[in-house]
Amino acid sequence: MTVENNDTAAFFRVEGLLVDRGVMEAAAYFAANARGFRERALRFGQVAITFPVYRLLGQSDRILANRLAYLPLRNMDEDRIVELAQEYFEDVLKGAVLDGGVELLRKARRQGRRVALISDGLSQVIEPLVDHLKQVDDFICNRIELRDGVATGRLLEPVVGGHHSVVWARKYAEQNGLDLGHSLAYGGHGPDLLLLSAVGQPCAVNPDFTLRQAARQAGWPVMEYRV
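Summary of the structure given here. Just so we're clear, the structure is a prediction, and the values are computed from it rather than from any experiment.

### Notes on the packing of aromatic side chains
Each aromatic ring pair is characterised by the separation of its centres together with the angle its planes make. In this structure the tally under the stated criterion is five aromatic pairs. Ring centres of Phe12 and Tyr186 lie 4.8 Å apart, and the angle between their planes is 25°; on these two criteria the pair is classed as stacked. Remark: Tyr186 occurs in strand β6 (residues 184-187) and Phe12 occurs in strand β1 (residues 9-13); sequence separation between them is 174 residues. In this structure, Phe12 and Tyr186 share a single accessibility class: buried. Ring geometry for Trp168 versus Tyr172: centroids 5.0 Å apart, planes at 25°, classification stacked. Of this pair, Trp168 and Tyr172 both sit in helix α7 (residues 164-176), four residues apart, roughly one helical turn.

### Quick word on the nonpolar core
Ranked by internal contacts, the top residues of the largest apolar core, which has 53 residues, are Phe12, Phe30, Leu117, Leu129, Leu133 and Tyr186. Non-local contacts of Leu129, meaning those with residues more than four positions away in its chain, are made with Val14, Val19, Phe89, Leu93 and Val97. With 20 residues, the next largest nonpolar core counts Ala116, Ile140, Ala173 and Leu180 among its residues.

### Considerations on the environment of Pro158
Topologically, Pro158 is positioned in the loop between β5 (150-155) and α7. What makes Pro158 partly exposed here is its relative accessible area of 36%. As for Pro158 and Arg143, which are separated by 15 residues in sequence, their C-alpha atoms are 8.8 Å apart. Each residue touching Pro158, except ones within four places of it in the same chain, is listed here: Asn142, Arg143 and His164.

### Observations regarding helix α6 (residues 123-133)
Buried residues dominate α6, accounting for eight of its eleven residues. Three or more residues of α6 are buried, namely Ser123, Gln124, Val125, Ile126, Pro128, Leu129, Val130 and Leu133. Buried residues along α6 sit against α1 (23-32), α4 (78-93), α5 (99-110), β2 (114-122), β3 (138-142) and β4 (144-147). Phi turns positive, to about 60°, at Lys134, one or two residues after α6.

### A word on the pairing of β3
As judged from the four bridges shared by β2 and β3, these two strands associate in the parallel manner. Paired with Ala116 across the two strands is Asp138, which belongs to β3. Crossover handedness for the path β2 to α6 to β3: right-handed.

### Comments concerning the pattern of salt bridges
If the charged atoms of two oppositely charged side chains come close together, the side chains can form a pair. By the definition in use, this model includes 15 salt bridges. Note that Asp120 and Arg13 form a salt bridge whose closest N and O atoms lie 2.8 Å from each other. Remark: Arg13 occurs in strand β1 and Asp120 occurs in strand β2; sequence separation between them is 107 residues. Residue Arg13 is classed as buried on the basis of its relative accessible area of 1%. Arg67 is the partner of Glu157 in a salt bridge, and the nearest nitrogen-oxygen pair spans 2.8 Å. Highlighted residues: Glu157 in the loop between β5 and α7 and Arg67 in helix α3 (residues 62-69), separated in sequence by 90 residues. Looking at Glu157, the relative accessible area reads 53%, which means it is exposed. Here the salt bridges share partners, and the residues they tie into one network are Arg13, Glu15, Arg62, Asp120 and Asp192.

### Structural notes on the sheet that holds strand β8 (residues 222-223)
Strands sit in the order β3-β2-β1-β6-β7-β8 across an open sheet of six strands; the sheet is parallel. Both outer strands of the open sheet, β3 and β8, are each paired with one neighbouring strand and no more. Relative to the sheet, α5 contacts β1, β2, β6 and β8, its axis offset from that of β2 by approximately 150°.

### Points about α7
A rise of 1.5 Å per residue sets the reference length of α7, with its 13 residues, at 18 Å; its end C-alpha atoms lie 19 Å apart and thus fit the reference within 8%. Along α7, the positions that sit buried rather than exposed are His164, Ser165, Val166, Trp168, Ala169, Tyr172 and Ala173. On its buried side, α7 packs onto β1, α3, β2, β3 and α8 (193-197).

### Digging into the packing of α1 against helix α2 (residues 37-57)
Relative placement of two packed helices is described by the angle separating their axes and the distance separating the axes. At their nearest, the axes of α1 and α2 sit 8 Å apart, and the two run at 165° to each other. If you check the angle between α1 and α2, you find them roughly antiparallel. In the crossing of α1 with α2, the sense of the turn from one axis to the other is left-handed. In this structure, α1 uses Val23, Met24, Ala27, Ala28, Ala31 and Ala32 to contact α2, whose residues at the interface are Arg40, Arg43, Phe44, Val47, Thr50, Phe51 and Tyr54.

Each value, and the rule that gives it
- Residues numbered from 1 in each chain as written.
- Predicted model: local features only at pLDDT ≥ 70, side-chain atom pairs only at ≥ 80, totals over all residues.
- Heavy atoms only, no water.
- Phe/Tyr/Trp six-rings, centres within 6.5 Å; stacked < 30°, edge-to-face > 60°.
- Helix = DSSP H or I, 4+ residues; strand = E, 2+ residues; numbered from the N terminus.
- Buried < 20%, exposed > 50% of the residue type's maximum accessible area, 1.4 Å probe, protein only.
- Core = buried A, V, L, I, M, F, W, Y, C linked by side-chain atoms within 4.5 Å.
- Contact = heavy atoms within 4.5 Å.
- Pairing = 2+ DSSP bridges.
- Right-handed = clockwise from strand over helix to strand, strands pointing away.
- Salt bridge = Lys/Arg side-chain N within 4 Å of Asp/Glu carboxyl O.
- Axes fitted to C-alpha atoms, helices over the stretch in contact; angles between N-to-C directions.
- Expected span 1.5 Å × (residues − 1).
- Parallel < 35°, antiparallel > 145°, perpendicular 65-115°, else oblique.
- Left-handed = near helix turned anticlockwise from the far one by under 90°.

Read these as geometric descriptors, not functional statements.
Pasting the structure below:
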């Protein structure tokens, strides 16, 4: 039986909940498949330098971490980014979709909720994923800045990551007349804390240490599933 919750939403963090891949895996794929050996070596070297910094900043300043993650795309043609994003989705991301996350999406849809995704990924990567899932009403993700068809390596504002998610969720609820007090949110990382705190039904999914501890203290349900 379908339960009608037309004035509520279910917010999903993509990374770790819907796909078993993150920002740095995508950045590494772009770098490793750049044109020419010299360009590949340069970009992959930048990713290697960025990776430990990204992990360090992931909990304290995820926005800065995401800015750093996409710097290796600087001076890459837009057409090449689109091409590699599609290849990455087909070769990697499609096979990394988590069945547990897909079932949560389907459940939210059966309940009549709006389904909204929040991702640190680039639009060129996330848009094919959204089309593939076929359960999504809206999403927000990062967008790379382009000038004359070439990436600058910078992200356009607003940069998705960390605590910006709750700002978007509140604005989204206001614009669509949604009741956050009866809405759901699924997060997997410490920076998702404010998003989970903003809804009436939060759930930590495959949580990292920070979110697991916070969920236990707050009495939130914790869910675990893997590929």
